[in-house]
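Structural features, examined
Take a look at the letters that make up each chain.
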Amino acid sequence: MFEFLKTAPPDKILSLSAQFNADPRPGKVDLGVGVYRSATGETPVMSAIARAEAILLSSQTTKSYLGLAGNIEFNDLLGRLVLGESAEKREVRTVQAPGGSGALRILGETLRRVAPGARIWLPDPTWANHKALLGAAGFELSEYPYFDPATGGVKFDEMVETLRTAAPRDIVLLHGCCHNPTGANLTPDQWSGLAALIGERGLFPFVDLAYQGFGYGLEQDAEGTRILARGVPEMAVAVSCSKNFGLYRERTGAAILIGDNARAADNALSQLLASARQNYSMPPDHGAACVRIVLEDEALRQEWMDELESMRLRMLTLRQGLAAALKRATNSDRFAFIAEHRGMFSRLGLSVEQVDKLRRDYAIYMVDDSRINIAGLPEDRLDAFAEAIASQS
Ligand code: LMR
């Protein structure tokens, strides 16, 4: 039967890694997939995680099932890390999930059951896999304006204007921090404005929080999510531990629901667990068990926060260095927005042809939409890199 199938299109982000690995040129630059890299180009196991793994190895006595919600203590700790005091004050239900993607999927399916006719509104642009993943969960997709390439900022007024046209119970997907792919983020005032609009229009906020700690800081990056948690009756949050705990391949994340009251929250939780059972039964344990050990131990938690902060500051320094190098190379402020953005990504505003040419002529790999992973920038060759970018304009 398979001969009748069409080949599925390759994933635009992940297929780039294979192309990069096959490129024999020395000095090639990988700015594709969103993984943190150190100055030597490695994606290290974070030191607190390595210690937690050693503790786990010496103390674990069974690999028996934990249950559909995964590691309950991890769920509780992660809920607090994301929601702050709302974790206590609201009816929060958390389920461990296989990465942020797994969380998006089971939350998406649950929301489809709650509101079968609802559309989901995604920012324009958004993470390339949002459309595929949420479309596969059965949603009709709509877009709201988000990024303004002319200013490098958020088109907040247009965003609000568009969301005013959404129907009650429609779902609004928001990047909790470190917008992927643009790096342009909402201010706390804008989050408050959104919370008011969501309440007024009866919309349902669905936050994707994949980079907490990579933008303005661990607490600051959760502020938007917390503003919503204080101000809206119900919401969902998909959390990823891939980046901030460096657990990429361990598929560690959580799906969080906030209900208006205990009964509603429990009902929603039962649907979320049913969705987990229908998709994969139970999430993988290892990453969540390590995160639990790190967050429960004061010294390990501090070690993790310090390393995360040093990663954030390294990306900030790279942003400033690249913006300055591009100013020299172009003799203009055209790329000044790179220093203003926060998180792992910025979009350079190049055409697909220019991105192709950079790949061919300079072995510089970035996603087709000219998204670059800031952590992959060659810190000792920023001027040469900037010259290559400038040669395209
Ligand atoms: C990215 O945007 O590069 C990361 O979130 C990795 C992925 O799965 O796409």
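Okay, so let's go over this structure. These numbers come from a predicted model, not from an experiment.

So, on to the nonpolar core. Within the largest apolar cluster, 130 residues are counted, with the highest numbers of intra-cluster contacts made by Met159, Phe206, Phe245, Trp304 and Met366. For this core, the leading source of residues is helix α12 (residues 298-330), giving 10 residues.

As a further point, take the packing of aromatic side chains. One pass over the full model with this rule turns up six aromatic pairs. Ring centres of Phe20 and Tyr365 lie 5.3 Å apart, and the angle between their planes is 90°; on these two criteria the pair is classed as edge-to-face. Placement of Phe20 in helix α1 (residues 14-22) and of Tyr365 in strand β12 (residues 364-365) is noted, with a sequence separation of 345 residues between them. With centroids separated by 4.2 Å and ring planes inclined at 5°, the aromatic side chains of Phe245 and Trp304 adopt a geometry described as stacked. Of this pair, Phe245 sits in the loop between β9 (235-240) and β10 (253-259) while Trp304 is found in helix α12, placing the two residues 59 residues apart along the sequence. Taken together, the ring pairs connect Tyr36, Tyr211, Phe214 and Phe345 into an aromatic cluster. Positioned over the ring face of Phe20 is Lys28, at 4.5 Å from the centre of the ring. The positively charged end of Arg371 is found above the aromatic ring belonging to Phe345, 3.7 Å away from the centroid.

To continue, consider the site of the ligand. Ile13, Val33, Gly34, Trp127, Asn180, Tyr211, Lys243 and Arg371 make up every residue found near the ligand. Within the side chain of Lys243, an N or O atom sits 3.1 Å from an oxygen atom of the ligand. Bound to the protein, the ligand loses 80% of the 260 Å² it would expose on its own. For the ligand, the cavity whose grid points lie within 2 Å of the majority of its atoms is the largest pocket. Among the residues forming the shell around the ligand, the class breakdown is four nonpolar, two polar and two charged.

Definitions and cut-offs
- Each chain carries its own residue numbering, running from 1 in the direction its sequence is written.
- Only residues with pLDDT of at least 70 are given local features in this predicted model, and only at 80 or more are side-chain atom pairs given and counted; all residues enter the totals for whole chains, interfaces and linings.
- Side-chain metrics rest on all non-hydrogen atoms present in the structure, leaving aside hydrogens and water.
- In this description, a nonpolar core means a group of buried Ala, Val, Leu, Ile, Met, Phe, Trp, Tyr and Cys residues linked to one another through side-chain atoms lying within 4.5 Å.
- The cut-offs for exposure are 20% and 50% of the maximum accessible area for each residue type, with area from a 1.4 Å probe on protein chains only; residues under the lower value are buried, those over the upper are exposed, and the others partly exposed.
- Helix and strand assignments come from DSSP, with helices taken as H or I runs of at least 4 residues and strands as E runs of at least 2, each series counted from the N terminus.
- The aromatic pairing rule takes the rings of Phe, Tyr and Trp, using the six-membered ring of Trp, and pairs them if the centres are within 6.5 Å, calling planes under 30 degrees apart stacked, those over 60 edge-to-face and the rest tilted.
- The rule for a charge over a ring is simple: NZ of Lys or CZ of Arg within 6 Å of the ring centre, and within 35 degrees of the ring normal.
- To be near a molecule or strand, a residue needs just one of its heavy atoms within 4 Å of it.
- Here a polar contact is taken to be a pair of N or O atoms separated by no more than 3.5 Å, where protein atoms must pair a possible hydrogen donor with a possible acceptor and residues adjacent in sequence count only if both atoms sit in side chains.
- For accessible areas, the Shrake-Rupley method is used with a probe of radius 1.4 Å. Any residue's cover is judged against the shown protein chains and nothing else.
- The method works on a 1 Å grid over the protein atoms by themselves. A cavity is a set of points holding a 1.4 Å probe that cannot get out, a pocket is an open set with protein on both sides within 12 Å along at least five of seven lines, and residues with an atom within 4 Å of a point line them.
- Throughout, a molecule is located in a cavity or pocket provided that more than half of its atoms lie within 2 Å of its grid points.
- Basically, the charged four are Asp, Glu, Lys and Arg, the nonpolar ten are Ala, Val, Leu, Ile, Met, Phe, Trp, Tyr, Cys and Pro, and anything else, Gly included, counts as polar.

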